[in-house]
Amino acid sequence: MAVTKKEIVDHLVDTVGFTGKESQQIVESLFNTIRETLASGDGVKLAGFGRFNILDKRARPGRNPKDGTPFEITARRVVTYTSSRLLRGRWNGPE
């Protein structure tokens, strides 16, 4: 099951009592801050949830799976996520 921004907004309205517009602004502001921080090259750590980091992947050889033609996979930056110990402990159960 995926959680959408709309579901987060609705949850804020139901549990905290913010209006829909206020909740929408809070959620958008949070995601914009995360995007901007990652775009600047810094990582984002959300205590109790996990870390988002930028990883620079170098170019590497690849091949077309249909016909086997070789080509180069270009260098790129990707976002990686690592869950916190607390979150892992919740879905793995007590250790």
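Residues numbered from 1 in each chain as written. Predicted model: local features only at pLDDT ≥ 70, side-chain atom pairs only at ≥ 80, totals over all residues. Heavy atoms only, no water.

Under an unreviewed UniProt entry, the name given to the protein is Integration host factor subunit alpha, and the source organism is Acidithiobacillus ferrivorans SS3. If you open the UniProt record of the protein and go to Sequence similarities (unreviewed entry), you find "Belongs to the bacterial histone-like protein family." (UniProt positions renumbered as here; feature names shortened; annotations may be inferred.)

A. How the structure looks around the overall build of the protein. Broken down by element type, the protein carries three helices and five strands. Mapped from its N terminus to its C terminus, the protein presents α and β elements in the order α-α-β-β-β-β-β-α. The globule rule puts the C-alpha radius of gyration for 95 residues at 12 Å, and the 19 Å found for the protein is more than 25% above it. If one aligns the C-alpha atoms of the protein with their principal axes, the spans along those axes are about 55 × 40 × 30 Å. Relative to its 95 residues, the protein shows a buried fraction of 13%. The contacts in the protein between residues at least 6 apart in sequence include a share of 31% that link residues at least 24 apart. Here the protein displays about 7,800 Å² of accessible surface, and carbon together with sulfur accounts for 56% of that area. Charged side chains in the protein number 16 positive and 11 negative. The centres of these two groups are separated by 8 Å. (Helix = DSSP H or I, 4+ residues; strand = E, 2+ residues; numbered from the N terminus. Rg over C-alpha atoms; globule rule 2.2 N^0.38 Å. Buried < 20%, exposed > 50% of the residue type's maximum accessible area, 1.4 Å probe, protein only. Contact = heavy atoms within 4.5 Å. Areas by Shrake-Rupley, 256 points an atom, 1.4 Å probe, with all protein chains shown as cover. Lys, Arg positive; Asp, Glu negative; His and termini not counted. Charge placed at Lys NZ, Arg CZ, Asp CG, Glu CD.)

B. Quick look at the packing of aromatic side chains. Evaluated as defined, the whole model comprises two aromatic pairs. Geometrically, the ring pair formed by Phe-49 and Tyr-81 is tilted, given 5.5 Å between the ring centres and 45° between the ring planes. With a gap of 32 residues between them, Phe-49 in the loop between β1 (44-46) and β2 (50-57) and Tyr-81 in strand β5 (residues 76-83) connect regions that are remote in the sequence. Phe-49 sits in the partly exposed class, given a relative accessible area of 38%. (Phe/Tyr/Trp six-rings, centres within 6.5 Å; stacked < 30°, edge-to-face > 60°.)

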